[in-house]
Amino acid sequence: MEKRVYNFSPGPAVLPLPAMEEAQRDLLALPGTGISILEISHRSKKFEQILAQCESNLRTLLGIPDNYRILFLQGGAMLQFAMLPMSFLRNTGKPADYIVSGTWSKKAVDEAKTQGTVQIAYDGKAGNYNRVPKQSELKLDPNAAYAYMTSNETIQGVQFTDEPDVGNVPLICDSSSDFLSRPIPVSKYAMIFACAQKNAGPSGVTLVIVRDDMLAKAPKDLPSMLNYPVLAENKSLLNTPPTFSIYMVKLVTDWLLRDIGGLDKMYEINRRKSKMLYDAVDGSGGFYLPHAEPASRSIMNVPFKLADTALEEPFNKEAAAVGLVELKGHRSVGGCRASIYNAMPEAGVKALRDFMLDFAKKHAK
Ligand SMILES: *Cc1c(COP(=O)(O)O)cnc(C)c1O
């Protein structure tokens, strides 16, 4: 078999080896069926069990209260950028408040504007999105239809540590790139969504956790594939769901419960991993420059620059040569970015940290 390297891609991203090994072992025939997960009917007993177990794992891991539905949808996080204002902004006569902490929240604003009035509660553009806002900086409207945030900005590597206080306005969160990375108080949110391919599984499925009172508010006249209540009533089986992706999310959440021991443990590991890299950047005497301010730093995506930009290409090349790949930063931020999702082993982060220290020493002036 081809040797595996450490993959720091922002997404689709590294998956837990035990989950992939289980999928590989059972690929040709799921235990008790003799049929592959790639061939099985979404209406079969076996698939229903997989879906139910996946949902139950998510409820256990996140402590999701009973008055929330979990939907398994297609169209990625980007479709949620549109579905959500179609359902909760359009024709309400109210504006929606958007906290713009980076590229993904900006994209969500652009989509929401096609459906109604968007108010910018905060925009971090002036600082090139290098931090999340303080509560005192938020311009919130108590009459807003909802308030919107991105818990972790994948490109800029800035992450909220707590939920902003939005009063009685429903809080909606794009949690695509930090979903399942730490415990969260689900009951503070009206809706949380996350595409799977950053931290929860492969691409193809998007998880939506939505409170019942929001579903009750949604308009009834949207086409069914865009209609949250209809999708919820049909338990994500309105049409053929992404069966393989859901199966993989089940295996990944099995791994979180069985091998990691839950989200408190995962959070502890993620903090330890990210600290290793931030310490390397901060201790480099200016050789590496962080993008995000310390209090806003993401435990999932660590963007940094090399002070001497001419060294960026050799950095990426030499890193790849020792099995540390996909470290190029997003063009809007430049430099490098190490995405260290749940499934990136501590040994991979340590290997990157050691490489960074060696590289800096070799090129020190
Ligand atoms: C990747 C990402 C998205 C886009 O997800 P798609 O599934 O490609 O639509 C949205 N928001 C955040 C925070 C992301 O990291």
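Along every chain, residues carry numbers that run from 1 in the direction the sequence is written. Per-residue local features are limited, in this predicted model, to residues with pLDDT of at least 70; the limit for side-chain atom pairs, both in listing and counting, is 80 or more; totals at the level of whole chains, interfaces and linings are taken over all residues. Hydrogens and water are ignored here; the side-chain numbers use all heavy atoms of the structure.

What am I meant to see in the nonpolar core here?
Across soluble globular proteins, you tend to see nonpolar side chains buried next to one another. In this structure, Leu58, Leu62, Phe72, Phe179, Leu180 and Ile209 are the most contacted members of the largest nonpolar core, which totals 57 residues. The numbering of helices and of strands both runs from the N terminus, where a helix is a DSSP run of H or I of at least 4 residues and a strand a run of E of at least 2. Among the elements that make up this core, the one with the highest residue count is helix 7 (residues 243–260) (9 residues). Contacts: residue pairs with any heavy atoms within 4.5 Å of one another. Excluding residues within four positions of it along the chain, phenylalanine 179 makes contact with Leu58, Leu62, Ala194, Asn199, Ala200, Leu207 and Ile209. Counting 32 residues, the second largest nonpolar core, distinct from the first, contains Ala108, Val118, Tyr129 and Leu215. Residues enter a nonpolar core if they are buried and are Ala, Val, Leu, Ile, Met, Phe, Trp, Tyr or Cys, with the set joined through side-chain atoms within 4.5 Å. In this scheme, a residue with accessible area under 20% of its type's maximum is buried, one over 50% is exposed, and one in between is partly exposed, where area comes from a 1.4 Å probe on protein chains only.

Looking at this structure, I do not really get the side chain of serine 176. What am I missing?
For serine 176, the location among the structural elements is in the loop between strand 8 (171–174) and strand 9 (191–195). A residue is classified by how much of its surface remains accessible, and serine 176, at 7% relative accessible area, is buried. Between N or O atoms, a polar contact is any pair within 3.5 Å; within protein, one atom must be a potential hydrogen donor and the other a potential acceptor, and residues adjacent in sequence are included only when both atoms are from side chains. A distance of 2.7 Å separates the side chain of serine 176 from the side chain of aspartate 174, its partner in a polar contact. There is a polar contact of 3.3 Å between the side chain of serine 176 and the backbone nitrogen of cysteine 195. Those residues in contact with serine 176 that lie beyond four places of it in its chain are Ala77, Phe193, Ala194, Cys195 and Lys198.

Before we go on, may I ask you to explain the packing of aromatic side chains in this structure?
Aromatic rings considered in pairs are described by the distance between their centres and by the relative angle of their planes. What counts as a ring pair is set by centres within 6.5 Å for rings of Phe, Tyr and Trp (its six-membered ring), and what kind of pair is set by the plane angle: stacked under 30 degrees, edge-to-face over 60, tilted for all other angles. All chains considered together, the criterion is met by 15 aromatic pairs. Pairing tyrosine 288 with phenylalanine 304 gives two aromatic rings, centres 5.6 Å apart and planes at 90°, and the pair type is edge-to-face. Of the two residues, tyrosine 288 sits in strand 11 (residues 288–290) while phenylalanine 304 sits in strand 12 (residues 301–306), which places them 16 residues apart along the sequence. As far as burial versus exposure is concerned, tyrosine 288 and phenylalanine 304 are alike and both buried. The rings of Phe81, Tyr98, Trp104, Tyr146, Tyr148 and Phe193 are connected pair by pair, giving a single aromatic cluster. Between lysine 107 and the ring centre of tryptophan 104, over which it is positioned, the NZ or CZ distance is 5.6 Å. Criterion for a charge above a ring: Lys NZ or Arg CZ within 6 Å of the ring centre, and within 35 degrees of the ring normal. The lysine or arginine in question, arginine 271, covers the ring of tyrosine 267, its NZ or CZ lying 4.0 Å from the ring centre.

Hey, could you run me through helix 1 (residues 17–25) in this one?
Buried within helix 1 we find Ala19, Glu22 and Ala23. Buried residues in helix 1, looked at end-on, bunch into an arc of 100°, giving them a common side. In this structure, helix 1 carries Gln24 and Arg25 as exposed residues pointing more than 90 degrees from its buried face. Taken together, the buried residues of helix 1 touch helix 7. Comment: arc refers to directions from the helix axis out to C-beta atoms.

Help me out: how do you make sense of the pairing of strand 9 in this one?
With 5 of 5 residues buried, strand 9 lies mostly within the body of the structure. Neither face of strand 9 is left uncovered, since the one carrying Met191, Phe193 and Cys195 and the one carrying Ile192 and Ala194 both have all their residues buried. For two strands to be treated as a pair, DSSP must find at least two bridges joining them. Strand direction decides the pairing type here: strand 8 and strand 9, joined by 3 bridges, are parallel. Bridge assignment links cysteine 173 to a residue of strand 9, and that residue is isoleucine 192. Where strand 9 and strand 10 (residues 206–211) come together, 5 bridges link them in antiparallel fashion. When the bridges of strand 10 are listed, methionine 191 appears paired with valine 210.

For this particular structure, what's the right way to read the site of the ligand?
Surveying the vicinity of the ligand reveals 14 residues, the closest of which are Met78, Thr154, Asp174, Gln197 and Lys198. Contact between the ligand and threonine 154: an oxygen atom at 2.4 Å from a side-chain N or O atom of the residue. Contact between the ligand and glutamine 197: an oxygen atom at 2.9 Å from a side-chain N or O atom of the residue. We get accessible surface area from the Shrake-Rupley algorithm with a probe of 1.4 Å; when it comes to residues, only the shown protein chains can shield them. Calculation on the ligand without its partners gives an accessible area of 390 Å², and the protein chains cover 88% of this total. Among the elements that take part in the shell around the ligand, helix 3 (residues 76–88) stands out by supplying 4 residues, more than any other. Of the residues belonging to the shell around the ligand, the class tally is 5 nonpolar, 7 polar and 2 charged. Distances are taken per atom, and a residue is near a molecule or strand as soon as one of its heavy atoms is within 4 Å of it. Each residue gets one of three labels, nonpolar for Ala, Val, Leu, Ile, Met, Phe, Trp, Tyr, Cys and Pro, charged for Asp, Glu, Lys and Arg, and polar for the others, Gly among them.

Please clarify how the packing of helix 8 (residues 263–282) against helix 10 (residues 346–363) should be interpreted in this entry.
Think of two packed helices as two axes; the pair is described by the angle between the axes and how far apart they sit. For the pair helix 8 and helix 10, interaxial distance at closest approach is 9 Å and the crossing angle is 5°. Relative to helix 10, helix 8 is oriented roughly parallel. Residues Ile269, Arg272, Lys273, Met276, Leu277, Ala280 and Val281 of helix 8 form the contact with helix 10, whose participating residues are Glu346, Val349, Lys350, Leu352, Arg353, Met356 and Leu357. Residue composition of the contact of helix 8 with helix 10, by class: 9 nonpolar, no polar and 5 charged. Note on geometry: axes are lines fitted to C-alpha atoms, helical ones only across the stretch in contact, with angles between N-to-C directions running from 0 to 180 degrees. When describing relative orientation, an angle under 35 degrees is termed roughly parallel and one over 145 degrees roughly antiparallel, while 65 to 115 degrees is termed roughly perpendicular and anything else oblique.

I'm lost on helix 2 (residues 45–62) in this one. Help?
Given 3.6 residues per turn, any residue in an α-helix points the same way as the ones three and four places further on. Its 18 residues give helix 2 an end-to-end C-alpha distance of 26 Å, which sits within 8% of 26 Å, the value for a rise of 1.5 Å per residue. Of all the positions in helix 2, only Phe47, Ile50, Leu51, Cys54, Asn57, Leu58, Arg59, Leu61 and Leu62 are classed as buried. Contacts made by the buried residues of helix 2 are with strand 2 (68–73), strand 10, helix 7 and helix 8. Residue count minus one, scaled by 1.5 Å, sets the expected span of a helix.

Which parts of the structure should I look at to understand the sheet that holds strand 3 (residues 96–100)?
Picture the strands of a sheet paired through backbone hydrogen bonds; they go either parallel or antiparallel. The 7 strands lie next to each other as 2-10-9-8-5-3-4, forming an open sheet whose pairing is mixed. Among the strands making up the open sheet, the edge pair consists of strand 2 and strand 4 (118–123). Across the sheet, the mean angle separating the axes of adjacent strands is 20° when strand polarity is ignored. One ladder, built from 4 bridges, connects strand 5 (residues 147–150) with strand 8; its direction is parallel. Each residue of the ladder has a partner; that of alanine 147, found in strand 8, is leucine 171. Across the sheet, helix 3 lies against strand 2, strand 3, strand 5, strand 8, strand 9 and strand 10, angled at about 155° from strand 9, the strand it touches most.

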